[in-house]
Amino acid sequence: MNEAMYQKFQESCKRLHLDFSMEELSALATENNYSEDTLTAIMQIFEHLGEKKRQATIRTLLRLSHLPLRDIKTFDNFDFSVFHGKDIQQLVSLRTLSAIYAHRNLALIGPAGTGKTHLAQAFGYECCQHGFKTYFIKMTELRDKFNTARKNGTEARMLNGLVKPSCLIIDEVGHCEFDKHNTRLFFDLIDRRYNKEGYCNIVFTSNQNPAQWRESFDDSDSLLCAMDRLFDEATVFTIRGNSFRGQKMNRITLHAEKPQKRSSTAPTLF
């Protein structure tokens, strides 16, 4: 059995949570005089079951991620050709997920309609494909979640839920106002994720330059502390350009005019 087959077998056992090593399989094969074809068949069964388990895990991660699943945004259906610049390769290499392995946050800053949310969701989708728990939330939804938790006295449980995912995506930071209490909860969330161990990061998008965020947050000190942690280890993509939206719009111009009434004094033909 070659090295590639050995690796696949080990990966399959790991996905299936089986305490079964290659050495045990070899001993079993020797004891029962398995042929090469039998061993190959066993390997294929393990590989099939392992892949089936992997796909089920991905479906569960996607379902819990809060990512839109009707019109899935991926790196494959994103048009990188519209972007230009000497550092374009860094944008393309987002799909390697090096940011999450390096515990490095990602910021996508730029005007509406320039692909920020698509890229953020594509990163989250790729995380799910690699077994990372991911959660996508818009800033307005985060504000509402904070308000509900404060009302019900469940702030700690709510924060725990947002700290758990390996990848947390916050869309449209600065899009809505956060009062003083919510700003402090925002800091608590960022602080706890900043100190989170293992492979993890935060991806956030914003139409505003971060210097303008204080206009949307009521506690400047808490906001500055949150930003200090957000940008401590981060890659910031500043996108400039016009919105891509509306390019498929079909504009139709019509002219409306009421028909003139026929004059009662008009001459008749007969």
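Our structure is the block above this text.
### Here we look at the nonpolar core
Among soluble globular proteins, nonpolar side chains are generally buried collectively.
Okay, so step 1: Within the largest apolar cluster, 30 residues are counted, with the highest numbers of intra-cluster contacts made by Met 139, Leu 142, Phe 146, Ile 170 and Phe 186.
Okay, so step 2: Listing elements by their share of this core, those giving two or more residues are strand S1 (105-109), strand S2 (134-138), helix H7 (139-152), helix H8 (155-163), strand S3 (167-171), helix H9 (180-194), strand S4 (201-206) and helix H10 (220-230).
Okay, so step 3: Counting residues per element, this core draws most heavily on H9, at 5 residues.
Okay, so step 4: Among residues more than four places away in sequence, those in contact with Ile 170 are Ile 137, Met 139, Leu 142, Phe 186, Ile 202, Val 203, Phe 204 and Thr 205.
Okay, so step 5: Formed by 28 residues, the second largest nonpolar core is a distinct cluster that contains Phe 75, Leu 91, Phe 136 and Cys 167.

### A look at the packing of aromatic side chains
Okay, so step 1: Scanning all chains against the criterion turns up 16 aromatic pairs.
Okay, so step 2: Here Phe 132 and Tyr 199 contribute two aromatic rings whose centre-to-centre distance is 6.2 Å and whose plane-to-plane angle is 90 degrees, an arrangement assigned as edge-to-face. Here Phe 132, found in the loop between helix H6 (116-129) and S2, pairs with Tyr 199, found in the loop between H9 and S4; they are 67 residues apart in sequence, far enough to count as distant.
Okay, so step 3: Accessibility expressed as a relative area gives 10% for Phe 132, which makes it buried.
Okay, so step 4: Its relative accessible area of 48% is what places Tyr 199 among the partly exposed residues.
Okay, so step 5: Members of the aromatic cluster, each reached through a chain of ring pairs, are Phe 75, Phe 78, Phe 80 and Phe 83.

Reading the values: the criteria
Residues numbered from 1 in each chain as written. Predicted model: local features only at pLDDT ≥ 70, side-chain atom pairs only at ≥ 80, totals over all residues. Heavy atoms only, no water. Core = buried A, V, L, I, M, F, W, Y, C linked by side-chain atoms within 4.5 Å. Buried < 20%, exposed > 50% of the residue type's maximum accessible area, 1.4 Å probe, protein only. Helix = DSSP H or I, 4+ residues; strand = E, 2+ residues; numbered from the N terminus. Contact = heavy atoms within 4.5 Å. Phe/Tyr/Trp six-rings, centres within 6.5 Å; stacked < 30°, edge-to-face > 60°.

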